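# Architecture and fold: a report
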Amino acid sequence: MSTKITESVRILLVRPMYPGNVGSVARVMKNLGFRRLGIVSDQDPRKEPEASWMAHGAEDVLEAASIHTGLEEALRPIEMVIGTTSRKGSRWREAVSPEGLVNALAAAWDWRPTAILFGPEDRGLPVKELSLCRWVLRIPTREDCPSMNLSHAVGLICYVLARGPSAGRQGTGPRPVSPEALRRCNEEAEAFLQKTAFLTGDGAKDQTALRRLAHMLVRASPTRAEMALLWALLRHVEGNRG
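One numbering rule holds for all chains: residues counted from 1, following each sequence as written. With pLDDT at 70 or above as the cut-off, local features in this predicted model cover only qualifying residues; side-chain atom pairs require 80 or more to be listed or tallied, and sums for whole chains, interfaces and linings still use all residues. To get the side-chain values, take all heavy atoms of the structure and skip hydrogens and water.

## Quick word on the overall build of the protein
- Each helix is a run of H or I in the DSSP string that is no shorter than four residues. Each strand is a run of E no shorter than two, and both are numbered from the N terminus. Along the backbone of the protein there are eleven helices and six strands.
- Residues are treated as being in contact if the distance between any of their heavy atoms lies within 4.5 Å. Excluding contacts between residues fewer than 6 apart, the proportion of contacts in the protein whose partners are at least 24 apart in sequence is 85%.
- When the accessible area of the protein is evaluated, it comes to approximately 12,800 Å², of which 51% is carbon and sulfur surface. In short, Shrake-Rupley with a 1.4 Å probe defines the accessible areas, and a residue's cover is counted only from the protein chains shown.

## Points about helix H8 (residues 150-163)
- One less than the number of residues in a helix, times 1.5 Å, gives the span that helix is expected to have. The end-to-end C-alpha distance of H8, which contains 14 residues, comes to 20 Å, matching closely the 20 Å that a straight helix rising 1.5 Å per residue would cover.
- By the criterion of burial, H8 is predominantly enclosed, with ten of the 14 residues buried.
- Exposure classes here rest on a 1.4 Å probe applied to the protein chains alone. A residue is buried below 20% of its type maximum, exposed above 50%, and partly exposed in between. Turning to H8, its buried residues are Leu-150, Ser-151, Ala-153, Val-154, Gly-155, Ile-157, Cys-158, Val-160, Leu-161 and Ala-162.
- Gly-164 occupies a position one or two residues after H8 and carries a positive phi of about 85°.

## With respect to the nonpolar core
- Side-chain atoms within 4.5 Å link the members of a nonpolar core, which is a set of buried Ala, Val, Leu, Ile, Met, Phe, Trp, Tyr and Cys residues. Within the largest apolar cluster, 36 residues are counted, with the highest numbers of intra-cluster contacts made by Ile-11, Phe-34, Leu-37, Ile-116, Phe-118 and Val-154.
- Examining the composition of this core, we find that eight residues originate from one element, H8, more than from any other.
- With 15 residues, the next largest nonpolar core counts Val-40, Leu-75, Ala-115 and Leu-117 among its residues.

## Describing the pattern of salt bridges
- The rule for a salt bridge is simple: a side-chain nitrogen of Lys or Arg has to be within 4 Å of a carboxyl oxygen of Asp or Glu. The full count for this structure, using the stated rule, is six salt bridges.
- With its nearest N and O atoms 3.0 Å apart, the salt bridge here joins Glu-129 to Arg-15. With Glu-129 in helix H7 (residues 127-130) and Arg-15 in the loop between strand S1 (9-14) and helix H2 (19-31), this residue pair connects regions lying 114 residues apart in the sequence.
- Residue class for Glu-129 comes out buried when judged on its relative accessible area of 13%.
- Of the charged contacts in the structure, one is a salt bridge between Arg-46 and Asp-44, with a shortest N-O distance of 2.9 Å.
- Through salt bridges with shared partners, a single network forms among Lys-30, Arg-35 and Asp-60.

## Concerning the sheet that holds strand S2 (residues 37-40)
- Two strands pair under a simple rule: DSSP has to find at least two bridges between them. One open sheet holds the six strands; their spatial order is S3-S2-S1-S5-S4-S6, and the pairing between them is parallel. One side of each edge strand has no neighbouring strand; the edge strands of this open sheet are strand S3 (66-68) and strand S6 (135-137). Each strand of the sheet is rotated relative to its neighbour by a mean of 25°, with strand direction disregarded.
- Sheet topology places strand S4 (residues 80-84) next to S6; three bridges connect them, and they run parallel. Opposite Gly-83, over in S6, you have Val-136 as the bridge partner.
- Contacting S1, S4, strand S5 (114-118) and S6, H8 runs over the sheet at an angle of about 150° to S5. Interaxial angle, 0 to 180 degrees, is taken between N-to-C directions of lines fitted to C-alpha atoms, where a helix line uses only the stretch in contact.

## A short note on the pairing of S2
- Of the two faces of S2, the one carrying Leu-37 and Ile-39 and the one carrying Gly-38 and Val-40 are both buried.
- When the strands point away from the viewer and the connection leading from the first strand across the helix to the second strand turns clockwise, the crossover is called right-handed. At this point the chain moves from S1, through H2, to the parallel S2, and the crossover so formed is right-handed.
- Relative to S3, S2 is paired through three bridges, and the arrangement is parallel. When the bridges of S3 are listed, Gly-38 appears paired with Ser-66.

## With respect to the confidence of the model for the protein
- What pLDDT conveys is the predictor's confidence in a given residue, as a value from 0 to 100. With 84% of its residues at a pLDDT of 70 or more, the protein shows a mean pLDDT of 83.
- In this model, residues 168-172 is a region of pLDDT below 50 whose contacts with residues beyond four sequence positions or in other chains number ten contacts.

## Considerations on unusual backbone geometry
- Despite not being glycine, Arg-15 shows a phi value in the positive range, around 50°.
- Of note in the backbone geometry, Ala-197 takes a positive phi value of approximately 60° without being a glycine.
- Relative to the assigned elements, Ala-197 resides in the loop between helix H9 (179-195) and helix H10 (203-220).
- By relative accessible area, which is 58% here, Ala-197 ends up exposed.

This is the structure in structure tokens:
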């Protein structure tokens, strides 16, 4: 097991509903060598006795977990954001498997600071938060029972990550822009599209277009140089419109 992998990956639970599940996640993480746990919640589930009971043997991982009131705050030190979903359909056809994810991370990301997001147990991550993710991860499950228990899903993904990439897939690559830079980019893109009258004024249609644009940019993983080139081009177009 590579410490480079276990030290670079943070498991981030977004609005978990049951303290016991948080404890179980801490335990399975420690089983597999992962210690970086983050929790996005307006309450601290670690204070509930059930969390400590279910974390048996991994109380240190549970107590060391970072607590965040919002997702944006939790993602500030993160360079690669990965979301998990059990959703299917054309929108999620490019979701990767756990094995595909570990190979992609090793080959293109060189295990830079990474967060894997898990949503609430009852409905998972909403589309808006999945749109912040460079990759969306889906565990192949049966059609008649697609949703896994939270700690089971975390454990399976941690196990695949701990095994490491396939032979020949390790390497380094250009460093893509940070999630914060991508968020700023999306804000500038919305302003640009409004100025150029691309947005129609139809709220639902405009939001769909902006969400798809954001998702496209996230999946493209542009480098700083590529992002600078894109914005230079757009500013040139905007300037010539006058």
